[in-house]
Amino acid sequence: IRMMTGHSSDVTKVAWHGNATLFASGGDDKTVRLWDLRTPECVRVLQGCASAVSALSISSLGNLLVAGTETGHIYLYELSTSKLLAILYGHQEPVYSLSFASDGLHVISGSRDASVRLWDTLPAFDGLGKAGQSDLTRGQVILRPKQSFFTKDTPVYAVGCTASDLVYAGGPCPARKFAMHVSNDRM
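Being a predicted model, the structure only gives us computed values, none of them experimental.

Looking only at helices and strands, one finds zero helices and 15 strands in the protein chain. Out of the 187 residues in the protein chain, the part that is buried amounts to 44%. Taking as baseline every contact in the protein chain between residues at least 6 positions apart, the subset at least 24 positions apart corresponds to 43%. For the protein chain, the accessible surface area stands at approximately 10700 Å², while carbon and sulfur atoms represent 53% of it.

Here you go:
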C-alpha cells in the first residue's frame, strides 16, 4: 500500500503504535523512525543509539519508545519530543526483545546474554521540567535493571507482559546431546 523510505541501511525491527496509524522502524543505521501510515512521511527521527537497533517497543500509553541495540544497551525515548530520556545498562549482549508492562513505565527485556531484565523508567522522569522537556544538561540519565532473571545458557528471543503484569519469555531449546555406539559386531 505504501513504501516508506528514509533509513540509510537495513531495517531490522518494527513496532506498532497503539493508535494504529503510526509505526516505528529501527535499523542498522542506528536510528529509529516514526512513520504515519496514512502518508509515506517520517514524522520523527530518534537518534542517539550507539549501534544497530535489534528490538523495539512502544508503550501502551503511546508516549514512550524503547530501542534495544546490538551492544546490549536500551534507549528510552519520549515520542512527543523525540528526546532521549535515558540509557538502560545491564545486558552484555544484543537485546532481542522488549515489552512494556501495563503501567507504561516498566520495561521487560530479553537478550542473547541469557537474561530477562525488568526496568523501572520512572527515575528518567526526575529530570523533566514543567514544560515536559528532558534536562540532559547535567548528563544522561543511566538506569540499571530493577530485577534480573537468568536462564542456564539459552538466549531470550521473546518477552512480553500480560494485562495482569505476568512476564513471559521464550527462547530456543538447548541442543540435546545424543550418544550412540555403533558396533561392527554381527548379531
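The next thing to look at is the pairing of strand β3 (residues 32-36). Burial runs high along β3: five of the five residues are buried. Of the pairings in the sheet, the one linking strand β2 (residues 22-27) to β3 comprises five bridges and is antiparallel in character. Within β3, the residue paired with alanine 24 across the bridge is leucine 34. The hairpin formed by β2 and β3 contains four residues between the paired strands, and lysine 30 there has a positive phi angle of roughly 70°.

Next up on the list: the pattern of salt bridges. Enumeration over the complete set of coordinates arrives at three salt bridges. Between aspartate 36 and arginine 38 there is a salt bridge whose closest N-O contact spans 2.9 Å. Classification of aspartate 36 as buried rests on a relative accessible area of 11%. For arginine 38, a relative accessible area of 54% translates into the label exposed.

This brings us to the side chain of serine 109. By the secondary structure assignment, serine 109 is in strand β10 (residues 106-111). Within the structure, the side chain of serine 109 is placed 2.8 Å from the side chain of tryptophan 119, a separation counted as a polar contact. Those residues in contact with serine 109 that sit more than four places away from it in its chain are Ile74, His91, Val95, Ser97, Leu98, Ser115, Val116, Arg117, Trp119 and Val159.

Looking now at the nonpolar core. For soluble globular proteins, nonpolar side chains are generally found buried alongside one another. Counting 17 residues, the largest nonpolar core has Ala24, Val32, Leu56, Leu65, Ala67 and Tyr77 as the members making the most contacts within it. Put simply, the parts of the chain that give this core at least two residues each are β2, β3, β5 (53-58), β6 (64-69), β7 (74-78) and β8 (83-88). Sort the elements by how many residues they give to this core and β5 lands first, with three residues. Sequence-distant contacts of valine 32, defined by excluding residues within four places in its chain, comprise Ala24, Ser25, Gly26, Arg44, Val45, Leu46, Val53, Leu56, Leu65 and Ala67. Counting 16 residues, the second largest nonpolar core, distinct from the first, contains Ile74, Leu76, Leu88 and Val107.

Of all residues in the protein chain, 80% have pLDDT values of 70 or greater, and the mean over the chain is 82. Within the model, pLDDT remains below 50 along residues 129-138, and this stretch shows 14 contacts once partners closer than five positions in the same chain are excluded.

Basis of the calculations
- Residues numbered from 1 in each chain as written.
- Predicted model: local features only at pLDDT ≥ 70, side-chain atom pairs only at ≥ 80, totals over all residues.
- Heavy atoms only, no water.
- Helix = DSSP H or I, 4+ residues; strand = E, 2+ residues; numbered from the N terminus.
- Buried < 20%, exposed > 50% of the residue type's maximum accessible area, 1.4 Å probe, protein only.
- Contact = heavy atoms within 4.5 Å.
- Areas by Shrake-Rupley, 256 points an atom, 1.4 Å probe, with all protein chains shown as cover.
- Pairing = 2+ DSSP bridges.
- Salt bridge = Lys/Arg side-chain N within 4 Å of Asp/Glu carboxyl O.
- Polar contact = N/O pair within 3.5 Å; in protein donor to acceptor, adjacent residues only side chain to side chain.
- Core = buried A, V, L, I, M, F, W, Y, C linked by side-chain atoms within 4.5 Å.
- pLDDT = per-residue confidence, 0-100.

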